[in-house]
Amino acid sequence: MKRSFFLFLTLLIITMLFCSCTQSAVTDKADELRINSWSGNGEYSTKVFLSFDGSKASFNVQSMGGAKTNFYGDCFINDNKIRLTDNRLKKSFEFDYDIEGDKMTLTYSGGTINLHKD
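In short, a report on the structure. (Residues numbered from 1 in each chain as written. Predicted model: local features only at pLDDT ≥ 70, side-chain atom pairs only at ≥ 80, totals over all residues. Heavy atoms only, no water.)

1. Remarks on the pairing of strand S6 (residues 91-100)
Sheet topology places strand S5 (residues 81-86) next to S6; six bridges connect them, and they run antiparallel. Paired with Lys81 across the two strands is Asp96, which belongs to S6. Once S6 ends, the chain turns through two residues before running back antiparallel as strand S7 (residues 103-108), passing Gly101 with a positive phi of about 65 degrees. (Pairing = 2+ DSSP bridges. Helix = DSSP H or I, 4+ residues; strand = E, 2+ residues; numbered from the N terminus.)

Encoded structure:
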C-alpha cells in the first residue's frame, strides 16, 4: 500500500511539473507592450498593426486604398519610447507611447495613433 501511494505521489508531482503553465510576468509598461499585438486606425483612414517577437518589432500600415508598408527590425523599448530600426530601409523610427488598460497611444512628430490589444 505504501509503495503504490509513493508511486502515485511521484506521478502526481511529475504531472504537475510538466503541466504547469509558464507565463512571463508583466513587470513594467515595456513588458505589457511586448507581450501583446496591437492594432488600430491612424490618420487618413489607415489601419495600423504593431507586434513584437523578442527584440524585433513589426509595424504595418495599410492605406484605405490597400497599399501596405511594413517596417520590421530591431526594437528598443523603455517605459515611454519605442525605437524601431529597419535595416532594410536603413531608417529608425521613434515613437512615444502610453498604455492605459487595453489601449495605447503612439505619438510621433506631432501625429497620434490610437491602438488596442488584439
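2. Re the side chain of Thr46
Along the chain, Thr46 turns up in the loop between strand S1 (38-41) and strand S2 (47-53). One polar contact links the side chain of Thr46 to the main-chain carbonyl oxygen of Glu43, over a distance of 3.0 Å. When near neighbours in sequence (up to four residues on either side) are disregarded, Thr46 contacts Gly40, Asn41, Val61, Gln62 and Ser63. (Polar contact = N/O pair within 3.5 Å; in protein donor to acceptor, adjacent residues only side chain to side chain. Contact = heavy atoms within 4.5 Å.)

3. A few points about the sheet that holds S7
A barrel is described by the order of its strands in space; here eight strands give the closed sequence S1-S2-S3-S4-S5-S6-S7-S8, paired in antiparallel fashion. Pairwise comparison of adjacent strand axes, ignoring direction, gives a mean angle of 30 degrees for this sheet. Where strand S4 (residues 68-77) meets S5, four bridges bridge the pair, whose relative direction is antiparallel. Bridging from a neighbouring strand, Asp74 pairs with Thr85 of S5. (Axes fitted to C-alpha atoms, helices over the stretch in contact; angles between N-to-C directions.)

4. Topic: the pattern of salt bridges
A full pass over the atoms with the stated rule returns eight salt bridges. Among the ionic pairs, Asp74 bridges to Lys56, the shortest N-O distance being 2.6 Å. Taken together, the residues Asp74 in strand S4 and Lys56 in strand S3 (residues 56-62) connect sequence positions 18 residues apart. If you follow the salt bridges from partner to partner, you end up with Lys81, Arg83, Glu94 and Asp96 in one network. (Salt bridge = Lys/Arg side-chain N within 4 Å of Asp/Glu carboxyl O.)

5. Quick word on the environment of Lys47
Here Lys47 lies in strand S2. The exposure class of Lys47 is partly exposed, given its relative accessible area of 46%. Residues Lys47 and Gln62, 15 residues apart in the sequence, show an inter-C-alpha distance of 5.1 Å. Excluding its chain neighbours within four sequence positions, the residues that come into contact with Lys47 are Gly40, Asn41, Asn60, Val61 and Gln62. (Buried < 20%, exposed > 50% of the residue type's maximum accessible area, 1.4 Å probe, protein only.)

6. Structural notes on the packing of aromatic side chains
Per the stated rule, a full pass over the model turns up four aromatic pairs. Summarising the aromatic geometry, the rings of Phe95 and Tyr108 are spaced 5.9 Å apart at their centres and angled 75 degrees between planes, so their arrangement reads as edge-to-face. Taken together, the residues Phe95 in strand S6 and Tyr108 in strand S7 connect sequence positions 13 residues apart. On the accessibility criterion, Phe95 (8% relative accessible area) is buried. Judged by its relative accessible area of 28%, Tyr108 falls in the partly exposed class. An aromatic cluster is built from Phe59, Phe71, Phe93, Phe95 and Tyr108, whose rings are joined through pairwise contacts. (Phe/Tyr/Trp six-rings, centres within 6.5 Å; stacked < 30°, edge-to-face > 60°.)

7. Points about the nonpolar core
Counting 21 residues, the largest nonpolar core has Leu33, Leu50, Phe59, Ile82, Tyr97, Met104 and Leu106 as the members making the most contacts within it. Within the residue set of this core, elements represented by two or more residues are helix H2 (29-34), S2, S3, S4, S5, S6, S7 and strand S8 (111-117). A per-element tally of this core places S6 first, with four residues. Ignoring any residue separated from it by four or fewer positions in sequence, one finds Ile82 in contact with Leu33, Leu50, Cys75, Phe76, Ile77, Phe93, Glu94, Phe95, Tyr97 and Leu106. (Core = buried A, V, L, I, M, F, W, Y, C linked by side-chain atoms within 4.5 Å.)

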